[in-house]
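Residue strings, one per chain:
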Amino acid sequence: MKLLSIVVPCYNEEEVLPLFYEEITKVTSQMAETYPELDFEFLFINDGSKDKTLEIFRSLADQDRRVRYISFSRNFGKEAGMYAGLSNAKGDFVVVMDADLQHPPAFLPEMYSYVRNGEYDCATTRRTSRKGESKVRSWFAMKFYKIMNRISQTEIVDGAQDFRFMTRQMVDSILEMSEYNRFSKGIFSWVGFKVKYMPYENVERAKGTTSWSFWGLFRYSIEGIIAFSTAPLLVAIILGMISCCASLILFIIAIICASGGLALAGLITLIGGLDMICTGILGQYMAKTYLETKGRPIYIASETEESYRSKKAASGL
Ligand code: UDP
Ligand code: MG
């Protein structure tokens, strides 16, 4: 038998979870018929939700032995949720997907067909359109991929998603990257392996609202650049050199025209500004290094289906 772990990070998903569970069990029972060698486990992550997500996990664990969950002590972010899922999944194959049905469970059988015989190590969807997304957001996303792929050695495919069906080997490689600042789009691509991209049209969230604000996404993209490229450090050096040359020229002009006052003022602000940019860029890397050296845990679990079940058994319910 082969075990397929289905990892689902959830943050305030009470509205959509029952629907997700219904859909996913429908698809998995179909898969069990076509592929009798398959067993399933559902590994839900509660990323510090403020709604009834955890209560829903508990009741799913009550009715379905295949349901496992990890509940975080607070919100650690989706990256931490995926990491917790991957490191606790027991499957020979692991799939990571969103709870909101934007990653349609109906893709699973086809994904499995690519990975099953070792033809590919990973199957993932790639959206061909950004339908249902604001123009500004799409524009920034496009720019982000352009800049990222120009300055980083790790290629990040535009439209690639966190909906990934992977072999145990690939999952273990991802787990070997134990960095604290996790940028999954980069990590998935950095480990390599043979990846099958399946094109698909973007679908809207089934219920609930997205937890990504525009600034949240902006910060996340900066994170990605810092985590996978040191090019901004080079920008700092180049800017510094340009400003040195400029100041030299300005000095010469100031001496020739003998009207130093204004030139000097301009010069000071110019250098000050550049200095701040450079310090800022350096600071970004310093901050990341600082967090990495602390070796903090990526997440802290406060409850799992195991602790819940044994507590229930102990209280004789
Ligand atoms: N999510 C999470 N922690 C967070 C934010 C989101 O685990 O801090 C989960 C969320 O429950 C969902 C998935 O990550 O299953 C994608 O989130 P969302 O749909 O809000 O993002 P979008 O699809 O708009 O990119
Ligand atoms: Mg979504």
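None of the values given here were measured: they were computed from a predicted structure.

Colleague: For this particular structure, what's the right way to read the coordination of the magnesium ion (ligand 2)?
Modeller: In a perfect tetrahedron of four donors around a metal, the angles come out at 109.5 degrees. In a perfect octahedron of six, they are 90 or 180 degrees. Within the protein, Asp 100 (OD) and Gln 102 (OE1) serve as the donor atoms for the magnesium ion (ligand 2), at 1.9 Å. According to the relative accessible area criterion, Asp 100 is buried, its value standing at 3%.

Colleague: Explain helix 8 (residues 214-228) to me, please; I cannot follow it from the model alone.
Modeller: Count 3.6 residues to each turn of an α-helix, and residues three or four apart come out pointing the same way. The end-to-end C-alpha distance of helix 8 is 21 Å, a good match for the 21 Å that 15 residues give at a rise of 1.5 Å each. Restricting attention to buried positions, one finds in helix 8 the residues Gly 216, Tyr 220, Ser 221, Gly 224, Ile 225, Ile 226 and Phe 228.

Colleague: Whenever I open this one, the layout of surface pockets confuses me. Can you help?
Modeller: Quantified by volume, the second largest pocket comes out at close to 150 Å³. Elements supplying a minimum of two residues to the lining of the second largest pocket: strand 6 (160-167), helix 7 (184-190) and strand 7 (195-200). A per-element tally of the lining of the second largest pocket places helix 7 first, with three residues. Looking at the lining of the second largest pocket, its residues break down into seven nonpolar, two polar and three charged.

Colleague: What should I look at first to understand empty space enclosed by the protein in this one?
Modeller: The gaps left among the atoms become clear once a water-sized probe is rolled over them. As enumerated under the stated definition, the model contains one cavity of 30 Å³ or more in all. Considered as a void within the structure, the largest cavity measures approximately 60 Å³ in volume. Lining the largest cavity, in full, are Glu 79, Met 82, Tyr 83, Leu 86, Ile 174, Arg 182, Ser 184, Ile 187 and Phe 188. Of all the elements in the fold, those that place two or more residues in the lining of the largest cavity are helix 3 (78-88) and helix 7. Of all the elements, helix 3 adds the most residues to the lining of the largest cavity, at four residues. Along the lines of polarity and charge, the residues of the lining of the largest cavity split into six nonpolar, one polar and two charged.

Colleague: Even after reading the chapter, I still don't get the side chain of Ser 5, so can you show me in this structure?
Modeller: With respect to the helices and strands, Ser 5 occurs in strand 1 (residues 2-10). According to the relative accessible area criterion, Ser 5 is buried, its value standing at 0%. Within the structure, Ser 5 has its side chain in polar contact with the side chain of Glu 41 (distance 2.7 Å). A polar contact is formed between the side chain of Ser 5 and the backbone nitrogen of Lys 90, at a distance of 3.5 Å. Filtering out sequence-adjacent residues up to four positions away, Ser 5 remains in contact with Glu 41, Ala 89, Lys 90, Gly 91, Phe 93, Val 94 and Val 95.

Cut-offs and rules
Residues numbered from 1 in each chain as written. Chains lettered and ligands numbered in written order. Predicted model: local features only at pLDDT ≥ 70, side-chain atom pairs only at ≥ 80, totals over all residues. Heavy atoms only, no water. Donors = N, O, S within 2.8 Å, 3.2 Å for Na, K, Ca; no water. Buried < 20%, exposed > 50% of the residue type's maximum accessible area, 1.4 Å probe, protein only. Helix = DSSP H or I, 4+ residues; strand = E, 2+ residues; numbered from the N terminus. Expected span 1.5 Å × (residues − 1). 1 Å grid on protein atoms, 1.4 Å probe; cavity = no way out; pocket = protein on both sides within 12 Å on 5 of 7 lines; lining within 4 Å. Points joined across faces, edges and corners; volume = space filled by probe spheres on them. Nonpolar A, V, L, I, M, F, W, Y, C, P; charged D, E, K, R; others polar. Polar contact = N/O pair within 3.5 Å; in protein donor to acceptor, adjacent residues only side chain to side chain. Contact = heavy atoms within 4.5 Å.

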